[in-house]
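Residue-level structure breakdown
Next come the chains, spelled out residue by residue.
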Amino acid sequence: MTAELFQQITSAAFAIVIAVAACVAYFWGSNWLLEKFLGTQNVEALPEGEATRRDSLMGQISPWLFLLPALLFLSVYLVYPVVETFRLSFFDKNGINFVGFTNYSWLFGDNDFRQSIVNNLLWLIIVPSLSTAFGLVIAVLADRLWWGNIAKSLVFMPMAISFVGASVIWKFVYDYRGESDNQIGILNAIVTAFGGEPQAWITLTPPWLGMNIPVNSFFLMIILVWIQTGFAMVILSAALRGIPEETLEAARVDGANDFQIFFNIMIPQIWGTIVVVWTTITIVVLKVFDIIFAMTNGQWDTEVLANLMFKWMFVNFDYGRGSAIAIIIMIAVLPIMIWNIRRANAEEGTR
Amino acid sequence: MTAIADRVDDVRPAASAPNFLSRVDFGRLGAHIALLFLVALWTFPTAGLLVSSLRDKDQLAVSGWWTALSASVAQDVTRLPQGNAGTEENGLWVIRGNLFGEDTNKQLQSFGLTANDLGAAQPGSSLPMNDGGTITVQADGSYEWVADAAFTHTRGPRVFYIAGIPPRFTLENYAEVLSANGVARSFINSFTVTIPATIIPILMAAFAAYALAWMRFPGRGLIVALIVGLLVVPLQMSLIPLLSLYNNIAHAFGAEDGKTYLGIWLAHTAFGLPLAIYLLRNYMAGIPKDILESARIDGASHFKIFTGMILPLSFPALASFSIFQFLWVWNDLLVAMVFLGAQDEKLVLTGKLVSLLGSRGNNWEILTAGAFITIVVPLIVFFGLQRYFVRGLLAGSVK
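Bear in mind the structure is a predicted one, so any value in this text is a computation, not a measurement.

Here we take up the overall build of chain A. In terms of helices and strands, chain A carries 14 helices and zero strands. The N-to-C order of helical and strand elements in chain A reads α-α-α-α-α-α-α-α-α-α-α-α-α-α. For 351 residues, the compact-globule estimate of 2.2 N^0.38 gives 20 Å, and chain A exceeds it by more than 25% at 28 Å. Expressed as lengths along the three principal axes of its C-alpha atoms, the size of chain A is roughly 95 × 70 × 50 Å. Taking all 351 residues of chain A together, 51% fall into the buried category. Counted over contacts in chain A with a minimum sequence separation of 6, partners at least 24 positions apart contribute 63%.

Before going further, it helps to examine the packing of aromatic side chains. Tallied over the full model, the rule gives 47 aromatic pairs over all chains. Ring centres 6.4 Å apart and planes at 80° place the aromatic pair Tyr77 of chain A and Tyr246 of chain B in the edge-to-face group. Taken together, the positions of Tyr77 of chain A in helix H2 (residues 50-88) and Tyr246 of chain B in helix H7 (residues 236-252) put the pair across two chains. For the pair Tyr77 of chain A and Tyr246 of chain B, one class covers both residues: buried. By way of ring pairs, the aromatic residues Tyr26, Phe27, Trp28 and Phe66 of chain A together with Phe207, Tyr210, Phe303 and Phe306 of chain B are connected into one cluster. In this structure, Arg87 of chain A packs its charged tip against the face of Phe91 of chain A, placed 4.8 Å from the ring centre. For the cation-ring pair, Arg321 of chain A lies above Trp106 of chain A, with the distance from its terminal atom to the ring centre recorded as 3.9 Å.

Generally speaking, soluble globular proteins have nonpolar side chains that are buried together. Among the nonpolar cores identified, the biggest contains 213 residues, and Trp123 of chain A together with Tyr210, Met284 and Phe339 of chain B are the most heavily contacted of them. With residues up to four places along the chain from it excluded, the contact list for Tyr210 of chain B reads Phe66 of chain A together with Met215, Met284, Leu292, His302, Ile305, Phe306 and Ile310 of chain B. With 18 residues, the next largest nonpolar core counts Leu99, Phe100, Ala121 and Ala147 of chain B among its residues.

Before going further, it helps to examine the interface of chain B and chain A. Each partner contributes to the interface: chain B provides 115 residues, whereas chain A provides 109 residues. For the pair chain B and chain A, the two sides together bury roughly 10100 Å², of which 78% comes from carbon and sulfur. Where chain B meets chain A, there are zero salt bridges. Taken together, the connections running from chain B to chain A amount to nine residue pairs in polar contact (both at pLDDT 80 or more). The dominant element in the side of chain B that touches chain A, judged by the number of residues it contributes, is helix H2 (residues 26-53) of chain B, at 18 residues. Split into classes, the residues belonging to the side of chain B that touches chain A amount to 84 nonpolar, 25 polar and six charged.

The next thing to look at is the side chain of Glu365 of chain B. As for its placement among the helices and strands, Glu365 of chain B is situated in helix H14 (residues 364-384). On the basis of relative accessible area, Glu365 of chain B is assigned to the buried category, the value being 9%.

Residues and elements named next belong to chain B. The sheet built from five strands is open, its strands ordered S2-S3-S7-S6-S5 with antiparallel pairing. Bordering the open sheet on either side are strand S2 (87-89) and strand S5 (126-128), each of which pairs with just one other strand. Neighbour-to-neighbour, the strand axes of this sheet turn through a mean angle of 30°, independent of strand direction. Bridge count between S2 and strand S3 (residues 92-98): three bridges; the pairing is antiparallel. When the sheet's bridge partners are listed, Glu88 is paired in S3 with Trp93.

All names here are of chain B. Residues Tyr143, Trp145 and Ala147 line the buried face of strand S7 (residues 142-147), whereas the alternating positions Ser142, Glu144 and Val146 sit on a face that is not buried. Here six bridges tie S3 to S7, and the two strands are oriented antiparallel to one another. Residue pairing across strands places Arg96 opposite Glu144, the latter belonging to S7. Bridge count for strand S6 (residues 134-137) against S7 is four bridges, and the pairing is antiparallel. Across the sheet, Ile135 pairs through a bridge with Trp145, a residue of S7. Between S6 and the antiparallel strand that follows it, S7, lie four residues; Gly141 among them carries a positive phi value of about 95°.

Cut-offs used in this document
Residues numbered from 1 in each chain as written. Chains lettered and ligands numbered in written order. Predicted model: local features only at pLDDT ≥ 70, side-chain atom pairs only at ≥ 80, totals over all residues. Heavy atoms only, no water. Helix = DSSP H or I, 4+ residues; strand = E, 2+ residues; numbered from the N terminus. Rg over C-alpha atoms; globule rule 2.2 N^0.38 Å. Buried < 20%, exposed > 50% of the residue type's maximum accessible area, 1.4 Å probe, protein only. Contact = heavy atoms within 4.5 Å. Phe/Tyr/Trp six-rings, centres within 6.5 Å; stacked < 30°, edge-to-face > 60°. Lys NZ or Arg CZ within 6 Å of the ring centre and 35° of its normal. Core = buried A, V, L, I, M, F, W, Y, C linked by side-chain atoms within 4.5 Å. Buried area = accessible area lost by both parts, 1.4 Å probe. Salt bridge = Lys/Arg side-chain N within 4 Å of Asp/Glu carboxyl O. Polar contact = N/O pair within 3.5 Å; in protein donor to acceptor, adjacent residues only side chain to side chain. Nonpolar A, V, L, I, M, F, W, Y, C, P; charged D, E, K, R; others polar. Pairing = 2+ DSSP bridges. Axes fitted to C-alpha atoms, helices over the stretch in contact; angles between N-to-C directions.

Below, the structure is given as structure tokens:
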């Protein structure tokens, strides 16, 4: 065991050295070759026009030398798989026989898939809106108070915690003991302190109190809200500080109260940032996997697309159906992706 | 003039309403209370985990972590041994033992012989037994059952009791989870995965970012658009093709499957590249143009400008990205499960925690200590380098 560990650690160290050395060798080496064959150090020795020709040739080649390793990695690990997943979604379990749209038509008839779509929609509505709202409120409050920075640090902290770690933290909060026992989960302790009945929150399927709402999914969403609020807060706080002081002062002079300033001045001023935060969290939500996997693995009607995809890929080893689910997630991300690209292009144009 | 006016303003509210309450700024007080409440909401879950992981495991199981400082009380029952365990001492027959078993620090509060009569006797007092003789139980749980004649019972009678567990904080849970549950091994695995996966992409991304920020060439806009697009491509799109690819390569080399550290390093490197290039490019594009142009006029090549000037200047952005990548790789579960597998000796901490959730789901002493070990490294990185982290976040989301 120790020998094996030693080997593991040395191989990691070795990998770092090799990889860095390879990068250095590639970049320096290719530059050296370029300088050697197209260098213009001895301009006098070159025939008329040769120096200019070499310069322009070098200008054409060197960007691609800079980009090559990154592009290679991106093509193999991201571009090719996107195309391949798309292709596989039209093939059978083992990716051998073409089956047309069978995987997709199966999907839309599948109960788990429908459940996932409903749940994902709920996640998409609730998590970004709650995270952004909490983040905004905390940012506004913290900027007014002397201990605001400490508060922000503490709210920001869950950003550093893994989804799995957060799941354990919240599973402990939701822990359920029988009615006659002491509750060790703080949520049930609060509920029983107010005279309520303790509940096993995670397995609570509808109907609950006569309502047809997936309460337990909501308790899972809280975990992601808890993590993402810090992100929203940091970005929005920076945007709030960008509002010119004169604008706020003018509003105050005109007799606006705090709430009017918040809703009529601040929010319109930072609307663009709110949208960015919202879309970023939306992407996180679409890909959310760890929380469901660790907490319920999709039981009790909490299934989501990413977990469903994992099941079809690694439990049932059906690459066709797994790919089809991945494509559905991709389609959901696509509008945001296109919007991002257009925005980036517009910015590029102004540079 | 103004000074006088200010004074008048100062005095007026106090004069018109001389009681203390009117001077309190309710808006500000409300803000303090609201923020305090929100911060409590955000910190309590983690605090509960940390406190619980340090508590005695018997106490953790029966009382909430917010009561950690007060003694907890539990009811329990112990069956006494059979008659043949008795020994003869000075003409009397005796059975001795401890209700709590060995090695506990519980405190007996009361005991009785039926479940309905837990409070029948205080520590140190005696109760008559149905099988003959009397039993005396001390506060530390040690009992002495004394009778005039030899014990004949074949089924040991039960003693019911209420015991207090004094508050006790300990590192035992950590010792247990690290030694017996393979968490120490996973800790090393997590580092093995994370450090190379953080370092390898940096140089690659920096060169690419420079090309995209400062070199003019056809197709640049297209590549920038590609990178921005790849930023949000779900990982789920990559898993199946890459897994097949890895397995095919492994089979070609005669290996069983493609689950290696090398595989996961390269995968994480690639998955981190879009963000790395995007962040670094944004940062480099913000470096004043004059610096670069004067260097160009002096005849320096792009390579020299990049390695000599831009790379050192970009240190803050490189630091931001390294922190992101470190946290993301350390906290990742999906990529590790797909490309490294779920065998015990290859589990990273997140995977280990999930497997503990499955196998030890009710052993909160294991889960809380395990979870804290999982999150402690990112927390240190985060609090130590928060400045760079925030800067990176702000650069990563387009203004």
